[in-house]
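# Per-entry structural report
These are the residues of each chain, in order.
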Amino acid sequence: WTELSSYFICEVDGLQFSCAEISGLDQEVEVVTYRAGDDDILRGGWKHKQAAMRKEAPDITFKKAVFAADDQMNEWFHAFESDRAYGTEFNERKEIIITLVNESEEPITYWTITHAFPKTFKGPNFKADDNSYAVEEMVWACETIYQEFA
C-alpha cells in the first residue's frame, strides 16, 4: 500500500519541529552531452549522454503556521546570520531528518539532510479580507540528501 504524505516528523539537530509542508527533497545528477570527434556528423552522429560526477542537492523549504511564542525558524535564521557576520562558533550547519510515518507513527522512510543552513526566511502575508492561517516559510541550503528505508 502507498503511504499518505501527510504523516511526517521533522527534526532539526535532534529538536522535533512541527511544520505543515516540506518540499525540495529532489535528487538530481548533472548530465553532460558530448559528441566524439570521429562521429560522422553528416550521418546523424551520436550524441552521447553521460552522468557527471557532480550531484547537486536542492534547497529544502519548510512552511508552518505562526503560533504564539513559537519563533524557532526566525531564531535559526537570525542566529546563523549574526554568527556568520561575527564569526562565532555558533555558525554551525544543521542536520535535518524528515521521517515519513504511517498512521501508527511507525517509520516508513527517512530523509537525512546534511550541512544545512537557513538561506531565506519569509514572514506571513497579511490580507484583510482573507481568513487563512498566517504561514511563515524557511528555505534551507544543504550539501546532501540521503534517503533510507526503515
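For the structure, see preceding data.
Here's what I pulled together on the structure shown here. As the structure is a computational prediction, the values presented were derived from the model and not from experiment.

## Here we look at the side chain of Thr-61
Mapped onto the secondary structure, Thr-61 falls in strand β6 (residues 60-65). The contact partners of Thr-61, leaving out residues within four places of it in the chain, are Glu-21, Ile-22, Ser-23, Glu-137, Met-138 and Val-139.

## Some remarks on the packing of aromatic side chains
The tally for this structure, following the rule as stated, stands at five aromatic pairs. Taken together, a centroid distance of 5.6 Å and an interplanar angle of 65° make the contact between Trp-76 and Trp-140 edge-to-face. Of this pair, Trp-76 sits in helix α1 (residues 72-86) while Trp-140 sits in strand β9 (residues 135-141), and the two are 64 residues apart along the sequence. For the pair Trp-76 and Trp-140, one class covers both residues: buried. Through successive ring pairs, a cluster of aromatic residues spans Phe-17, Phe-62, Trp-76 and Trp-140.

## Topic: the nonpolar core
In terms of nonpolar packing, the biggest core is built from 21 residues, with Cys-10, Phe-62, Ile-96 and Trp-140 touching the most fellow members. If you list the elements that add at least two residues to this core, you get β1 (8-12), β6, α1, β7 (94-101), β8 (107-122) and β9. When residues no more than four places from it in sequence are discounted, the contact partners of Phe-62 are Cys-10, Val-12, Phe-17, Glu-21, Ile-22, Met-73, Ile-96, Ile-98, Glu-136, Glu-137, Met-138 and Trp-140.

## As for the pattern of salt bridges
Per the stated rule, a full pass over the model turns up seven salt bridges. For the salt bridge of Asp-13 with Lys-94, the shortest nitrogen-to-oxygen distance reads 3.7 Å. Of the two residues, Asp-13 is situated in the loop between β1 and β2 (15-17) and Lys-94 in strand β7; the sequence distance between them amounts to 81 residues. The partner of Lys-122 in a salt bridge is Glu-137, with the nearest N and O atoms 3.7 Å apart. With Lys-122 in strand β8 and Glu-137 in strand β9, this residue pair connects regions lying 15 residues apart in the sequence. When salt bridges that share partners are traced, they join Lys-63, Lys-122 and Glu-137 into one network.

## Some details on the pairing of β8
The pairing of β7 with β8 spans seven bridges and is classified as antiparallel. Counterpart to Lys-94 in the pairing with β8 is Ala-116. Between the antiparallel neighbours β7 and β8 lie five residues, among them Glu-105 with a positive phi of about 65°. The pairing of β8 with strand β10 (residues 144-149) spans six bridges and is antiparallel. Of the residues in β10, the one forming a bridge with Ile-113 is Ile-145.

## Comments concerning unusual backbone geometry
One non-glycine residue, Asp-13, lies in positive phi territory at about 50°. In this structure Asp-13 comes out as partly exposed when scored by relative accessible area, which is 43%.

## Structural notes on the state of the cysteines
In this structure the tally under the stated criterion is zero disulfides. Residue Cys-10 stays outside any disulfide, its sulfur separated by 4.8 Å from that of Cys-19, the closest cysteine.

## Quick notes on the environment of Ser-23
Among the secondary structure elements, Ser-23 is positioned in strand β3 (residues 21-23). Of the residues examined, Ser-23 reaches a relative accessible area of 30% and is grouped as partly exposed. Separated by 35 residues in sequence, Ser-23 and Pro-58 have C-alpha atoms that sit 9.8 Å apart. Non-local contacts of Ser-23, meaning those with residues more than four positions away in its chain, are made with Asp-59, Ile-60 and Thr-61.

How each quantity is defined
Residues numbered from 1 in each chain as written. Predicted model: local features only at pLDDT ≥ 70, side-chain atom pairs only at ≥ 80, totals over all residues. Heavy atoms only, no water. Helix = DSSP H or I, 4+ residues; strand = E, 2+ residues; numbered from the N terminus. Contact = heavy atoms within 4.5 Å. Phe/Tyr/Trp six-rings, centres within 6.5 Å; stacked < 30°, edge-to-face > 60°. Buried < 20%, exposed > 50% of the residue type's maximum accessible area, 1.4 Å probe, protein only. Core = buried A, V, L, I, M, F, W, Y, C linked by side-chain atoms within 4.5 Å. Salt bridge = Lys/Arg side-chain N within 4 Å of Asp/Glu carboxyl O. Pairing = 2+ DSSP bridges. Disulfide = S-S within 2.5 Å.

As far as function goes, none of this settles anything; it's purely spatial.
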